Amino acid sequence: MSASSLEQLEAIYNQPFFKLIDDARATMRKHWPEDEMQLCTLLSIKTGGCSEDCAYCSQSGRSKVGLKPGPLMNTEDVMKVARLAKAEGSTRFCMGAAWKGVKETDKKFQSVLETIRAVSELGMEVCVTLGQISEDAAHQLKDAGVTAYNHNLDTSEEYYSEIITTHTYKDRLETIQNVQAAGMSVCCGGIIGMGETVTDRLKMLEVLTKFNPAPESVPINCLVPIEGTRLNEMLPEPPMIDILELVRLIATTRIALPTSKVRLSAGRRRLTKEGQTLCFLAGANSIFIGDRLLTTDNADAKDDAKLLSELNISPLAPVLSQPA
Ligand code: SF4
């Protein structure tokens, strides 16, 4: 069954839990090695001072977190981190910059292109998240060696305006279209735990299932509450993510987007090893490793290595060729 309507996604999500896991496992077996996990490293190459108002983000210049904005990292400093990431087992290197988007003529963009060219020589997949981009910028990024462009939808279109007002859902979809038009893979997912409903989560998934081609990877982030963010004012005491709701969402994503990597992303540190194992069982086959995720702590690297060893999971090989 092709699961691309909200009704179909709800039917999948709400089926008996063990049946849902069975179906997700069957999908996993059909499309992916069962005992392999993509290991990614995420580096903030330009931190803080962002003009956007994403309610969850400590890097928004409008938040009261007090994060000191930093300059754009130079190529050599990024390369030191990228080489270390490769040595520690990462097969994908992701770079994020805190700004609204890029202008092709901007010196900063040219500097990022130079960094991408250098990182792409290391034999890892290269992903960047630079905000809104034009089709021309997307072509330049692809030519420089980017394998995937991350641009998250975050949530449903209906809930989106509660979270972000400085750019629209349509803006996001336009950037994704530009990325696809340039022939780059799309990495696109969302965040749960921001006060949205299960329906909002499934509506976001519904949009993702309409992408053509399907997203190459789908990050599922759990909110990491940060004091001083607008979301922290909206939800002063955000409830812990219900692990079974998270597992249901991951299993539903696995079934609805069988060829996409499903990345258990931010917030993994707050999950027990049993909770993470359930997420992997449900079809998550990608994680970030390393101590930091942009501005928040990630799961402990030693704990990750131990858990993957206990589960007999080895790294998924990088896919370096880009879509035609
Ligand atoms: S999520 Fe990105 S665009 Fe939004 S405020 Fe943070 S850095 Fe800026």
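Heads up: these notes are all about the structure in this document. (Residues numbered from 1 in each chain as written. Predicted model: local features only at pLDDT ≥ 70, side-chain atom pairs only at ≥ 80, totals over all residues. Heavy atoms only, no water.)

Description of the overall build of the protein
Helix and strand content of the protein: 12 helices and 12 strands. Since a compact globule built from 324 residues should have a radius of gyration of about 20 Å, the 18 Å found for the protein is in line with a globular shape. Dimensions of the protein, computed from C-alpha atoms along their principal axes, come out at roughly 55 × 40 × 40 Å. In the protein, which comprises 324 residues, the proportion classed as buried is 55%. Partitioning the contacts of the protein with sequence separation of at least 6, the portion at a separation of at least 24 is 77%. Accessible area for the protein stands at about 14000 Å²; split by element, carbon and sulfur atoms hold 53% of it. Counting 35 positive and 42 negative side-chain charges, the protein places the averaged centre of each group 3 Å from the other. (Helix = DSSP H or I, 4+ residues; strand = E, 2+ residues; numbered from the N terminus. Rg over C-alpha atoms; globule rule 2.2 N^0.38 Å. Buried < 20%, exposed > 50% of the residue type's maximum accessible area, 1.4 Å probe, protein only. Contact = heavy atoms within 4.5 Å. Areas by Shrake-Rupley, 256 points an atom, 1.4 Å probe, with all protein chains shown as cover. Lys, Arg positive; Asp, Glu negative; His and termini not counted. Charge placed at Lys NZ, Arg CZ, Asp CG, Glu CD.)

Considering the packing of helix H8 (residues 198-209) against helix H10 (residues 243-256)
Running from N to C, H8 and H10 cross one another at 20°; their axes reach a closest spacing of 11 Å. In terms of axis orientation, H8 runs roughly parallel to H10. With respect to the hand of their crossing, H8 and H10 are arranged in right-handed fashion. On the side of H8, the interface is formed by Val198, Arg201, Leu202, Leu205 and Thr209, while H10 contributes Glu245, Leu249, Thr252, Thr253 and Ala256. Among the residues making up the contact of H8 with H10, the classes are represented as 5 nonpolar, 3 polar and 2 charged. (Axes fitted to C-alpha atoms, helices over the stretch in contact; angles between N-to-C directions. Parallel < 35°, antiparallel > 145°, perpendicular 65-115°, else oblique. Left-handed = near helix turned anticlockwise from the far one by under 90°. Nonpolar A, V, L, I, M, F, W, Y, C, P; charged D, E, K, R; others polar.)

Structural notes on the site of the ligand
Close contacts around the ligand come from Cys50, Glu52, Cys54, Tyr56, Cys57, Gln59, Ser60 and Ala98, and that covers them all. A per-class count over the shell around the ligand returns 5 nonpolar, 2 polar and 1 charged. (Near = heavy atom within 4 Å.)

Some words on the pairing of strand E8 (residues 261-264)
Taking every second residue as pointing to the same face, both faces of E8 are buried, with Lys261 and Arg263 on one and Val262 and Leu264 on the other. As judged from the 4 bridges shared by strand E7 (residues 217-222) and E8, these two strands associate in the parallel manner. What sits directly across from Val218, in E8, is Val262. Where E8 and strand E9 (residues 286-288) come together, 2 bridges link them in parallel fashion. Within E9, the position partnered with Arg263 by the bridge is Ser286. (Pairing = 2+ DSSP bridges.)

Some words on the nonpolar core
Leu141 and Leu246 are the most contacted members of the largest nonpolar core, which has 88 residues in total. With 7 residues, H10 is the single largest residue contributor to this core. Ignoring anything within four residues of it in the chain, the contact list for Leu141 reads Phe109, Leu113, Ile116, Val128, Leu130, Ile133, Val146, Tyr149 and Met184. Ranked by size, the runner-up nonpolar core spans 6 residues in total, among them Cys40, Leu42, Cys127 and Ala148. (Core = buried A, V, L, I, M, F, W, Y, C linked by side-chain atoms within 4.5 Å.)

Side note on helix H1 (residues 6-13)
Taken residue by residue, H1 has Leu6, Leu9, Ile12 and Tyr13 as its buried positions. All buried residues of H1 lie within an arc of 125° about the axis, which places them on one face of the element. (Arc of directions from axis to C-beta.)

A short note on the pairing of strand E1 (residues 36-46)
Among the 11 residues that make up E1, 10 are buried, leaving the element largely enclosed by the rest of the structure. Note: E1 against E9, 3 bridges, orientation parallel. When the sheet's bridge partners are listed, Gln38 is paired in E9 with Ser286. In terms of strand pairing, E1 meets strand E2 (residues 92-97) through 6 bridges, oriented parallel. If you follow Thr41 over to E2, its bridge partner there is Phe93. Regarding topology, helix H3 (residues 75-87) serves as the crossover connection from E1 to the parallel E2, and that connection is right-handed. (Right-handed = clockwise from strand over helix to strand, strands pointing away.)

Here's the deal with the packing of H1 against H8
Orientation of H1 relative to H8, taken along the N-to-C sense of each, is 120°, at an axis distance of 9 Å. Overall, the two elements H1 and H8 adopt an arrangement that is oblique. Read as a crossing pair, H1 and H8 show a hand that is right-handed. Residue-level inspection shows Leu6, Leu9, Glu10 and Tyr13 of H1 in contact with H8, the latter providing Val198, Thr199, Leu202, Lys203, Leu205 and Glu206. Grouping the constituent residues of the contact of H1 with H8 by class yields 6 nonpolar, 1 polar and 3 charged.

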